[in-house]
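Report on the structure
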Amino acid sequence: MLGVLAVVGLLVFGLVSKGSSGVALGEAAPDSPLPRLEGGGAGSLADYQGRWVLVNFWASWCVPCRQEAPALEEFQRGHGGPRFTVLGIDSRDLSDDGREFVRRYGLSYPQLRDGDGDAAHNFGTTGVPENFLIDPAGKVRLLLRGPVTAEYLRDSVAPMLPEEKS
């Protein structure tokens, strides 16, 4: 009987701790160096300290990721600069497939590779795509589990970004 209770207790603990892992709104975003998808060393969220960053976890095999890619690229072209960038993180994917995805969709924003999924796990993702808006202090301000749309970017993300000074 005690053995059964111990197993049930461990299962409940595992479910509760899994449900509470990851980041919540207002918390500091995890930051660990990852290889650049195109090669040439590593990068991390810390490289963008002082900027707004929309972290986009994606994979080349993910159909919703393909659907959101054009909207993310258009948003980057319209808002990217010294105060904001989209940061793509190719998660649990093959490097060659990820690089082909970037080329196919003409993605101009920086891309990192999370081959083993550790960074995605640290953020608490449950799949791809998932998007996290990080403020200049490194805190999570928005999170969307699922694909972004042009409307979401326009109505939810853009109003949070600083206006460019002329």
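What comes next concerns the included structure. These numbers were taken from a predicted model, which means no experiment stands behind them.

1. So, the packing of helix α2 (residues 63-79) against helix α5 (residues 150-157)
- Interhelical geometry of α2 versus α5 gives an angle of 40° and a closest axis separation of 8 Å. Comparing their axes, α5 and α2 come out oblique. Packed against α2, whose contacting residues are A71, L72 and F75, the element α5 presents A150, L153, R154 and V157 at the interface.
- Counted by class, the contact of α2 with α5 contains six nonpolar, no polar and one charged residues.

2. Some remarks on the pairing of strand β7 (residues 140-145)
- Strand direction decides the pairing type here: strand β6 (residues 130-134) and β7, joined by five bridges, are antiparallel. What sits directly across from F132, in β7, is L143.
- Linkage of β6 to β7, two consecutive antiparallel strands, is achieved through a turn of five residues, within which G138 is found at a positive phi near 90°.

3. Considerations on the pattern of salt bridges
- In this structure the tally under the stated criterion is seven salt bridges.
- Residue D47 pairs with R36 through a salt bridge whose shortest N-O separation is 3.7 Å. Residue D47 is found in the loop between β2 (42-43) and β3 (52-58), and its partner R36 is found in the loop between β1 (34-35) and β2; the two are separated by eleven residues along the sequence.
- Overall, the relative accessible area of 30% leaves R36 in the partly exposed class.
- Ionic pairing is found between R99 and D96, a salt bridge with its closest N-O pair at 2.5 Å.

4. A word on the state of the cysteines
- By the definition in use, this model includes one disulfide.
- The residue that forms a disulfide with C62 is C65, at a sulfur-sulfur distance of 2.4 Å. Linking C62 and C65, the disulfide has an S-S dihedral of approximately 80° and is accordingly described as right-handed.

5. A short note on empty space enclosed by the protein
- This model, assessed by the stated rule, comprises one cavity of 30 Å³ or more.
- The space that makes up the largest cavity amounts to roughly 110 Å³.
- Lining the largest cavity are 13 residues, and of these P30, D31, S32, I89 and F123 lie nearest its centre.
- Of all the elements in the fold, those that place two or more residues in the lining of the largest cavity are β4 (84-91) and α4 (118-123).
- The leading source of residues in the lining of the largest cavity is α4, at three residues.

6. Description of the sheet that holds β7
- Spatially, the five strands line up as an open sheet ordered β5-β4-β3-β6-β7, and their pairing is mixed. Strands at the two margins of the open sheet, each flanked by one partner only, are β5 (111-114) and β7. Each adjacent strand pair in this sheet contributes to an overall mean axis angle of 20°, direction not counted.
- Pairing between β4 and β5: four bridges, direction parallel. Paired with D90 across the strands is R113, a residue of β5.
- Helix α3 (residues 95-105) contacts β3, β4 and β5 of the sheet and is inclined by roughly 125° relative to β3.

So, how was this worked out
- One numbering rule holds for all chains: residues counted from 1, following each sequence as written.
- Totals for whole chains, interfaces and linings use all residues, but because this is a predicted model, local features are given only for residues with pLDDT of at least 70 and pairs of side-chain atoms are given and counted only at 80 or more.
- Only hydrogens and water are set aside when side-chain values are computed; all heavy atoms of the structure are taken into account.
- Axis lines are fitted through C-alpha atoms, for helices just across the contact stretch, and the angle between N-to-C directions can take any value from 0 to 180 degrees.
- Segments assigned H or I by DSSP are reported as helices when at least four residues long, segments assigned E as strands when at least two residues long, and all are numbered from the N terminus.
- To sort the angles, those under 35 degrees are grouped as roughly parallel, those over 145 as roughly antiparallel, those from 65 to 115 as roughly perpendicular, and the leftovers as oblique.
- Between two residues, a contact is recorded if the distance between any of their heavy atoms is within 4.5 Å.
- Three classes are used, and their members are as follows: Ala, Val, Leu, Ile, Met, Phe, Trp, Tyr, Cys and Pro are nonpolar, Asp, Glu, Lys and Arg are charged, and the others, Gly among them, are polar.
- In this analysis, strands are considered paired if DSSP registers two or more bridges between them.
- A pairing counts as a salt bridge when a side-chain nitrogen of Lys or Arg comes within 4 Å of a carboxyl oxygen of Asp or Glu.
- Using a 1.4 Å probe on the protein chains alone, a residue whose accessible area is under 20% of its type maximum counts as buried, one over 50% counts as exposed, and one in between counts as partly exposed.
- Counting rule for disulfides: a pair of cysteine sulfur atoms within 2.5 Å.
- Of the grid points, spaced at 1 Å and generated over the protein atoms alone, those admitting a 1.4 Å probe that cannot get out make up cavities, while open sets with protein on both sides within 12 Å along at least five of seven lines make up pockets; any residue with an atom within 4 Å of a point is treated as lining.
- Grid points are joined across faces, edges and corners, and a volume is the space filled by probe spheres set on the points.

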